[in-house]
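Examining the three-dimensional arrangement
So you can see what is in the structure, the chains are spelled out below.
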Amino acid sequence: MARKRKLDIKKYKKRLEQQRQELRQELRALEDQTSGRDRLSKQVATEDFDEAGGDAAADAVVRSQNLVIIENLRDMVDSVNEALRMIEKGTYGVCEVCGKNIPKKRLQALPYATMCTDCRARTGR
Ligand SMILES: [Zn+2]
């Protein structure tokens, strides 16, 4: 088991909560944009048949890119939630796979990290 160490949990918790809020805002904006583009391309299709093909294709590309970003953002929200749960349980900052302390430097860069670099690389997440 890893040695207990002093982490400024309050600071990380605040950062995580802030990050979750930002992620949710970003998600909402992207979701709006993605569904908004849908309406737009339908409108174009009825107004101008010749150009609709190209625009619809470009829209489809943007939409599928947005969907990938949306999925990534959802994963990040999940990770942030998980990290906040770990704070509640008092296990924050400890790798959930091997039980070693996650280096402070990593937590500062990625406050929602729930695994150490080694385990993350091994699980491919
Ligand atoms: Zn680990």
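Anything mentioned here points back to the structure above.
Some remarks on the overall build of the chain
Along the backbone of the chain there are four helices and zero strands. Starting at the N terminus and walking to the C terminus, you meet the elements of the chain as α-α-α-α. The 125 residues of the chain split such that 14% are buried.

Details of the environment of R15
Along the chain, R15 falls in helix α1 (residues 9–47). With 16 C-beta atoms packed within 10 Å, R15 lands in the partly exposed category. R15 sits 65 residues away from V80 along the chain, and the two C-alpha atoms are 9.8 Å apart.

Description of the nonpolar core
Among the nonpolar cores identified, the biggest contains 13 residues, and L16, V80, A83, C95, I102 and Y112 are the most heavily contacted of them. Of all the secondary-structure elements, those providing two or more residues to this core are α1 and α2 (49–89). Sorting elements by how many residues they give to this core places α1 first, with three residues. Excluding anything up to four places from it in sequence, A83 contacts L16, Y92, P111, Y112 and T114.

Cut-offs applied
In this convention, every chain numbers its residues from 1, walking through the sequence in written order. Where totals are concerned, whole chains, interfaces and linings use all residues; where local detail is concerned, this predicted model gives features only for residues with pLDDT of at least 70, and gives and counts side-chain atom pairs only at 80 or more. Strands are runs of DSSP state E lasting at least two residues, helices are runs of H or I lasting at least four, and both sets are numbered from the N terminus onward. With C-beta atoms placed from the backbone, a residue is labelled by how many other C-beta atoms lie within 10 Å of its own: buried for 20 or more, exposed for 12 or fewer, partly exposed between the two. Only buried Ala, Val, Leu, Ile, Met, Phe, Trp, Tyr and Cys residues enter a nonpolar core, and they are joined through C-beta atoms within 7 Å. Our contact criterion uses C-beta atoms placed from the backbone: two residues qualify when those atoms are within 7 Å.

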